[in-house]
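Survey of secondary and tertiary structure
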Amino acid sequence: MLKDQQVGAVLPAQDIARARAYYSEKLGLEPENPDDDDNLQYRCGDGTGFFVYQTSNAGTAKNTQMGWTVSDVRATVQELRGKGVKFEDYDFPGLKTEDGIATMPDGSAAAWFLDSEGNILSINQTG
């Protein structure tokens, strides 16, 4: 039933105006509902999208909440850094980033960053 349906993420924001500015200025995304002041709906590639809503619970998750799949993670990281996005460095068993990018044994790669609300987002490239 659900396996053939599109899926999207839902992200919390303590300050919806700050989140709107971050997604616009840093990630180049504009909401589909620009007149709303308590939630934001974004569309991305292949009909996918995500929803941002205002809540005091934002920034409390310690896991990746959403990610984009790109063809070249290094180029995407470089472009986003040019817009002021700061990538995280991790050193866990089985996962270590170098210059913000983790390369997996199968050739895939990933990089993580925090949005303005403390949500952990990722950029991913398959191997």
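Description of the structure in this document.

Calculation notes
- Residues numbered from 1 in each chain as written.
- Predicted model: local features only at pLDDT ≥ 70, side-chain atom pairs only at ≥ 80, totals over all residues.
- Heavy atoms only, no water.
- Pairing = 2+ DSSP bridges.
- Helix = DSSP H or I, 4+ residues; strand = E, 2+ residues; numbered from the N terminus.
- Axes fitted to C-alpha atoms, helices over the stretch in contact; angles between N-to-C directions.
- Contact = heavy atoms within 4.5 Å.
- Phe/Tyr/Trp six-rings, centres within 6.5 Å; stacked < 30°, edge-to-face > 60°.
- Buried < 20%, exposed > 50% of the residue type's maximum accessible area, 1.4 Å probe, protein only.

A closer look at the sheet that holds strand 3 (residues 49-54)
Within the open sheet, the 3 strands sit side by side as 1-3-2. Their pairing is mixed. Each having just a single partner strand, strand 1 (9-13) and strand 2 (39-43) make up the two edges of the open sheet. The mean inter-strand angle of the sheet, taken between neighbouring strand axes irrespective of direction, is 20°. Sheet topology places strand 2 next to strand 3; 5 bridges connect them, and they run antiparallel. In the strand pairing of strand 3, Tyr42 is matched with Phe50. This element, helix 1 (residues 16-25), spans strand 1, strand 2 and strand 3 of the sheet and lies at about 20° to strand 2.

Let's talk about the packing of aromatic side chains
By the definition in use, this model includes 9 aromatic pairs. Both rings, one in Tyr23 and one in Phe50, keep their centres 5.4 Å apart while their planes meet at 45°; by these two values the pair is tilted. Of the two residues, Tyr23 sits in helix 1 while Phe50 sits in strand 3, which places them 27 residues apart along the sequence. Given a relative accessible area of 2%, Phe50 falls into the buried group. Judged by centre distance (6.4 Å) and plane angle (15°), the rings of Phe51 and Tyr53 are stacked.

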